[in-house]
Amino acid sequence: APALQSINLYCSRLTDNGMKLLSEAIQHAPALQYISLQCPDLTDHGMKLLSDAIRHAPGLQCISLYGFSLSDDCLKLFSEAIRHAPALQSISLEGFGLTDDLMKELSEAIQHAP
């Protein structure tokens, strides 16, 4: 769907396979501007897939992620991905329990984003 601009998935139970399918769709939606996900079962592998997709979504302006419980390494991958999101204007992360080290990583990514 090349004209798709927004994806909202709340209370979804996406498995790694479901996240793979979603990530592939994101990479084929050049007009995508907004992603909002609440996936309490998202694994580190699923977040890696999402981070890879973000790198290939040049029009992405807003990312909202809710209720994830992920490793520090996964959140570092996300931080790296937003460095490659030139149109990104808004990030909302809720329920992550960000540590000082992760906040530093995220802060650096924001400062060095295009």
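Before reading further, recall that the structure is shown in the block above.
Quick caveat: nothing in here was measured; it's all calculated off a predicted structure.

Student: Lay out the overall build of the chain with the relevant residues and their values.
Tutor: Along the backbone of the chain there are 4 helices and 4 strands. Counted from the first residue to the last, the chain has its helices and strands arranged as β-α-β-α-β-α-β-α. Its C-alpha radius of gyration of 13 Å places the chain within 12% of the 13 Å reference for a compact globule of 114 residues. Principal axes of the C-alpha set define a box for the chain whose edges measure 40 × 30 × 20 Å. By residue count, 39% of the 114 residues in the chain fall in the buried class. Long-range pairs, those at least 24 residues apart, make up 84% of the contacts in the chain between residues at least 6 apart in sequence. Here the chain has roughly 6,000 Å² of accessible surface; of this, 52% comes from carbon and sulfur atoms.

Student: Lay out the packing of helix α1 (residues 16–27) against helix α2 (residues 44–55) with the relevant residues and their values.
Tutor: Running from amino to carboxyl end, α1 crosses α2 at an angle of 5 degrees, the nearest separation of the two axes being 9 Å. Taken together, the axes of α1 and α2 are roughly parallel relative to one another. Contacts between α1 and α2 involve Asp-16, Met-19, Lys-20, Ser-23, Ile-26 and Gln-27 from the first element and His-45, Gly-46, Leu-49, Leu-50, Asp-52 and Ala-53 from the second. In terms of residue class, the contact of α1 with α2 is made up of 5 nonpolar, 4 polar and 3 charged.

Student: Give me the lowdown on a negative patch on the surface, citing residues and values where you can.
Tutor: Residues Asp-44, Asp-72, Asp-73, Asp-100 and Asp-101 make up a contiguous surface patch of negative charge. Within the residue set of the negative patch, elements represented by two or more residues are α3 (72–82) and α4 (100–111). Residue placement: Asp-101 occurs in helix α4.

Student: Mind laying out the environment of Ser-23, listing which residues take part and the relevant values?
Tutor: Within the secondary structure, Ser-23 sits in helix α1. Setting aside anything within four residues of it in sequence, one finds Ser-23 in contact with Leu-49, Leu-50 and Ala-53.

Student: Could you give me a rundown of α3, with the residues and numbers involved?
Tutor: Every buried residue belonging to α3 is among Cys-74, Leu-75, Phe-78, Ser-79, Ala-81 and Ile-82, and all of these are buried. Projected down its long axis, α3 carries its buried residues within an arc of 160 degrees, all on one side.

Student: Help me get a handle on the sheet that holds strand β4 (residues 90–94), residues and values and all.
Tutor: Hydrogen bonds between backbone atoms are what pair the strands of a sheet, whose relative direction is either parallel or antiparallel. Spatially, the 4 strands line up as an open sheet ordered β1-β2-β3-β4, and their pairing is parallel. Whereas interior strands pair on both sides, the edge strands pair on one side only; in this sheet they are β1 (6–9) and β4. Each neighbouring strand pair of the sheet contributes to a mean axis angle of 5 degrees, computed without reference to strand direction.

Student: Which residues make up empty space enclosed by the protein, and what values do they have?
Tutor: As enumerated under the stated definition, the model contains 1 cavity of 30 Å³ or more in all. Roughly 50 Å³ of internal volume is contained in the largest cavity. Looking at the largest cavity, the residues that line it are Leu-75, Lys-76, Phe-78, Ser-79, Leu-93, Leu-98, Leu-102, Glu-105 and Leu-106. Looking at the lining of the largest cavity, the elements with two or more residues in it are α3 and α4. A per-element tally of the lining of the largest cavity places α3 first, with 4 residues. Taken together, the residues of the lining of the largest cavity break down into 6 nonpolar, 1 polar and 2 charged.

Reading guide: rules and limits
Residues numbered from 1 in each chain as written. Predicted model: local features only at pLDDT ≥ 70, side-chain atom pairs only at ≥ 80, totals over all residues. Heavy atoms only, no water. Helix = DSSP H or I, 4+ residues; strand = E, 2+ residues; numbered from the N terminus. Rg over C-alpha atoms; globule rule 2.2 N^0.38 Å. Buried < 20%, exposed > 50% of the residue type's maximum accessible area, 1.4 Å probe, protein only. Contact = heavy atoms within 4.5 Å. Areas by Shrake-Rupley, 256 points an atom, 1.4 Å probe, with all protein chains shown as cover. Axes fitted to C-alpha atoms, helices over the stretch in contact; angles between N-to-C directions. Parallel < 35°, antiparallel > 145°, perpendicular 65-115°, else oblique. Nonpolar A, V, L, I, M, F, W, Y, C, P; charged D, E, K, R; others polar. Patch = residues over 30% accessible without salt bridge, like charges linked within 9 Å, V, L, I, M, F, W, Y side chains within 5 Å. Salt bridge = Lys/Arg side-chain N within 4 Å of Asp/Glu carboxyl O. Lys, Arg positive; Asp, Glu negative; His and termini not counted. Charge placed at Lys NZ, Arg CZ, Asp CG, Glu CD. Arc of directions from axis to C-beta. Pairing = 2+ DSSP bridges. 1 Å grid on protein atoms, 1.4 Å probe; cavity = no way out; pocket = protein on both sides within 12 Å on 5 of 7 lines; lining within 4 Å. Points joined across faces, edges and corners; volume = space filled by probe spheres on them.

None of this, on its own, says anything about what the molecule does.
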